[in-house]
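# Structural description and commentary
Residues per chain, in single letters:
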Number of protein chains: 2
Amino acid sequence: MRTIFTAELTQLGDDLVTMSQLVETAVSTAGTALLTADLTLAESVIAADAKIDALEGQIDERCIQILVKQQPVARDLRIVVTALRMTASLERMGDLAQHIAEVARLRYPATAIPEPMVPTFAEMTDAAARVARRITTLLETHDLELAAEIEADDDTLDNLHAKTFTSVLEPQWYGAPQEVIDVTLVGRYLERFGDHAVSIARRIVYLVTGGATDARRRI
Amino acid sequence: MRTIFTAELTQLGDDLVTMSQLVETAVSTAGTALLTADLTLAESVIAADAKIDALEGQIDERCIQILVKQQPVARDLRIVVTALRMTASLERMGDLAQHIAEVARLRYPATAIPEPMVPTFAEMTDAAARVARRITTLLETHDLELAAEIEADDDTLDNLHAKTFTSVLEPQWYGAPQEVIDVTLVGRYLERFGDHAVSIARRIVYLVTGGATDARRRI
């Protein structure tokens with residue numbers, strides 16, 4: 001019984017890694033689509049989101065089945081409940097990547113991000129791709145150093161996000177309202193992407209260390 | 001054993017109702033604070049969010065304890081897992097109400113929403129308050145008619161949200177970039193508020209009917 005259960009938990013971990021890899025591809029591709037006005041890439045991200053959503057459903061159903069059949073307790077139970085929480089975050093990160101791709105598609109053949117703000121958004125999409133890569137590795141290795149790096153990436157995202165606002169509000173800003181809307185929304189999507197990554201990282205830290213780094217974030 | 005368990009599930013339901021009531025107060029107060037530039041109201045929403053967050057932690061911990069002690073199966077298990085999902089949505093709805101209040105506070109003593117767009121945002125904040133009220137009642141009564149009304153409220157929110165963009169993009173739009181940012185963000189917060197309400201409503205429908213109205217939304 002215990003062996004089967006361990007195998008099921010391992011499978012659950014593998015599925016989460018697969019889901020995280022899909023999110024990683026989605027956000028880095030969406031970033032490129034956004035900054036290079038690449039319609040094909042944008043559409044590939046939009047199409048691939050269904051796979052992330054389907055995986056969420058499958059993992060959730062597997063979690064429920066584990067709860068029913070194995071009736072796990074203590075740490076095992078927390079692993080399963082945490083997995084249920086993490087799929088929700090990963091699914092949302094996939095949606096955010098999709099939203100970014102949608103903005104790119106909507107503005108095609110133009111670039112959604114006005115020229116002077118491209119460097120800031122390049123830094124932001126890089127940070128988002130990095131954060132997604134680190135989530136995958138954190139899920140694979142449980143190396144808690146990565147959690148600290150994810151928090152740092154998220155701080156970077158927050159600072160860059162704040163910078164997008166100050167740029168738009170500078171007197172020399174010349175953009176149209178549509179550009180302000182796009183900058184505001186894409187900035188917000190990237191900032192939220194980082195928040196979800198931090199939430200996943202904190203859940204893993206809690207599972208591994210058994211202690212909350214932040215009382216609000218416990219499973 | 002069964003009686004204690006029933007009592008625990010009842011308590012869980014009551015706690016969710018309490019959490020939903022706090023969200024209801026938060027969003028309707030935030031709406032008023034936004035439209036009337038009322039600093040005191042805005043600050044009360046911001047201060048009250050900690051209560052919603054704390055309740056999320058308490059309910060989640062209670063769910064884990066029920067899973068550990070009662071090892072529920074079948075429908076009981078789905079009730080507990082669904083509760084865990086719903087607290088996450090309610091907590092997020094509280095955050096969104098708080099964000100709206102923060103925008104109101106940031107612009108005080110001015111009103112964040114430019115005069116010509118006040119009617120649209122008044123409709124949006126009304127719809128958001130209505131949707132929150134209906135979630136509370138749905139949690140209390142499991143009257144599935146409410147779920148359909150919540151979906152309709154969400155459609156209203158989506159349409160009004162789209163309207164905010166067309167208003168900002170009209171040639172006679174005269175607002176400053178800051179106003180475009182505020183309109184874009186507050187519109188987005190209200191639109192997301194509706195999405196979370198729909199997600200809760202669909203989970204309750206699924207629990208009550210045992211069938212998914214939307215395969216992606218099953219628990």
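Summarised in this report is the structure supplied together with it. Predicted model, so just to flag it, every value in this text is computed and none were measured.

Turning our eyes to something else, we now look at the packing of helix α6 (residues 177-209) of chain A against helix α6 (residues 177-209) of chain B. One can describe the packing of α6 of chain A onto α6 of chain B by two numbers: an axis separation of 9 Å at closest approach and a directional angle of 45 degrees. Considered as vectors, α6 of chain A and α6 of chain B are oriented oblique to each other. Crossing hand, α6 of chain A versus α6 of chain B: right-handed. In contact with P177, V180, I181, T184, L185, R188 and Y189 of chain A of α6 of chain A, α6 of chain B contributes P177, V180, I181, T184, L185, R188 and Y189 of chain B. Looking at the contact of α6 of chain A with α6 of chain B residue by residue, the classes come out as 10 nonpolar, 2 polar and 2 charged.

Quick look at unusual backbone geometry now. All names here are of chain A. Here the residue pair Y108 and P109 is connected by a cis peptide bond, since its omega of 5 degrees sits within 30 degrees of zero. With respect to the helices and strands, P109 occurs in the loop between α3 (74-107) and α4 (118-141). Even without a glycine there, the phi angle at Q71 is positive, about 45 degrees.

With that settled, consider the relation of the copies chain A and chain B. Least-squares fitting of chain A to chain B yields an RMSD of 0.0 Å, with the transformation described by 0.0 Å of translation along the axis and a rotation of 180 degrees. Taken together, the rotation and translation describe the operation of a two-fold axis.

Right, let's talk about the nonpolar core for a bit. Most often, soluble globular proteins have nonpolar side chains that are buried together. One finds F193 of chain A together with F193 of chain B to be the most contacted residues of the largest nonpolar core, which totals 145 residues. Once residues within four sequence positions are removed from consideration, F193 of chain B is found in contact with V23, V27, M93, L96, A128, V131 and A132 of chain B.

A few words now on the interface of chain A and chain B. Taken together, the contacts link 36 residues of chain A with 36 residues of chain B. Where chain A abuts chain B, roughly 3300 Å² becomes buried across the two surfaces, and 58% of that area is made up of carbon and sulfur atoms. The tally of links between chain A and chain B comes to 4 salt bridges. The interface formed by chain A and chain B includes 5 residue pairs in polar contact (both at pLDDT 80 or more). For the side of chain A that touches chain B, the elements supplying multiple residues, two or more each, are α2 (39-70), α3, α5 (145-169) and α6 of chain A. Across the side of chain A that touches chain B, the residue classes tally to 18 nonpolar, 7 polar and 11 charged.

So, about the pattern of salt bridges. With the rule as written, the count across this model stands at 24 salt bridges over all chains. Measuring nitrogen to oxygen at the nearest pair gives 3.0 Å for the salt bridge that ties D60 of chain A to R85 of chain B. Placement of the pair is D60 of chain A in helix α2 and R85 of chain B in helix α3 (residues 74-107), with the two residues belonging to separate chains. Exposure remark for R85 of chain B: the relative accessible area of 8% places this residue in the buried category. D153 of chain A is the partner of R134 of chain A in a salt bridge, and the nearest nitrogen-oxygen pair spans 2.6 Å. Of this pair, R134 of chain A sits in helix α4 while D153 of chain A sits in helix α5, and the two are 19 residues apart along the sequence. Taking the relative accessible area as the measure of exposure, D153 of chain A reaches 4% and is therefore buried. Each of the salt bridges in this network shares a partner with another, and the network as a whole consists of R130, R134, E149 and D153 of chain A.

All names here are of chain A. Within the element layout of this structure, A101 appears in helix α3. Considering only alpha carbons, one finds A101 and S44, 57 residues apart in sequence, at a separation of 8.7 Å. When residues no more than four places from it in sequence are discounted, the contact partners of A101 are A30, A42, V45 and I46.

Residues and elements named next belong to chain B. Inspection of the secondary structure assignment puts T184 in helix α6. Classification of T184 by relative accessible area gives buried; the value is 1%. There is a polar contact of 2.6 Å between the side chain of T184 and the backbone oxygen of V180.

Residues and elements named next belong to chain B. Helix length check: helix α2 (residues 39-70), at 32 residues, gives a terminal C-alpha distance of 47 Å against a target of 46 Å (1.5 Å per residue), a fit within 8%. Here α2 starts with a cap whose side-chain oxygen sits 3.1 Å from the backbone nitrogen of T40, and that cap is D38. One or two positions beyond α2, positive phi appears at Q71, with a value near 45 degrees.

This paragraph deals with the state of the cysteines. Inspection of the entire model under this criterion finds 0 disulfides over all chains. Between C63 of chain A, a free cysteine, and C63 of chain B, which holds the nearest cysteine sulfur, the sulfur-to-sulfur gap is 15 Å. C63 of chain A sits in the buried class, given a relative accessible area of 0%.

All names here are of chain A. One way to put it is that α4 packs onto α6 with a least axis distance of 10 Å and a crossing angle of 20 degrees. Here α4 is positioned roughly parallel relative to α6, judged by the angle of their axes. The element α4 and its partner α6 pack so that their crossing is left-handed. Of the residues in α6, those touching α4 at F121, M124, T125, A128, V131, A132, I135, L138 and L139 are V183, V186, G187, L190, F193, A197, I200, A201 and I204. Across the contact of α4 with α6, the residue classes break down as 16 nonpolar, 2 polar and no charged.

Cut-off values and rules
- Residues numbered from 1 in each chain as written.
- Chains lettered and ligands numbered in written order.
- Predicted model: local features only at pLDDT ≥ 70, side-chain atom pairs only at ≥ 80, totals over all residues.
- Heavy atoms only, no water.
- Axes fitted to C-alpha atoms, helices over the stretch in contact; angles between N-to-C directions.
- Helix = DSSP H or I, 4+ residues; strand = E, 2+ residues; numbered from the N terminus.
- Parallel < 35°, antiparallel > 145°, perpendicular 65-115°, else oblique.
- Left-handed = near helix turned anticlockwise from the far one by under 90°.
- Contact = heavy atoms within 4.5 Å.
- Nonpolar A, V, L, I, M, F, W, Y, C, P; charged D, E, K, R; others polar.
- Least-squares fit on C-alpha atoms with pLDDT ≥ 70 in both.
- Core = buried A, V, L, I, M, F, W, Y, C linked by side-chain atoms within 4.5 Å.
- Buried < 20%, exposed > 50% of the residue type's maximum accessible area, 1.4 Å probe, protein only.
- Buried area = accessible area lost by both parts, 1.4 Å probe.
- Salt bridge = Lys/Arg side-chain N within 4 Å of Asp/Glu carboxyl O.
- Polar contact = N/O pair within 3.5 Å; in protein donor to acceptor, adjacent residues only side chain to side chain.
- Expected span 1.5 Å × (residues − 1).
- Disulfide = S-S within 2.5 Å.

Read these as spatial facts, not as claims about activity.
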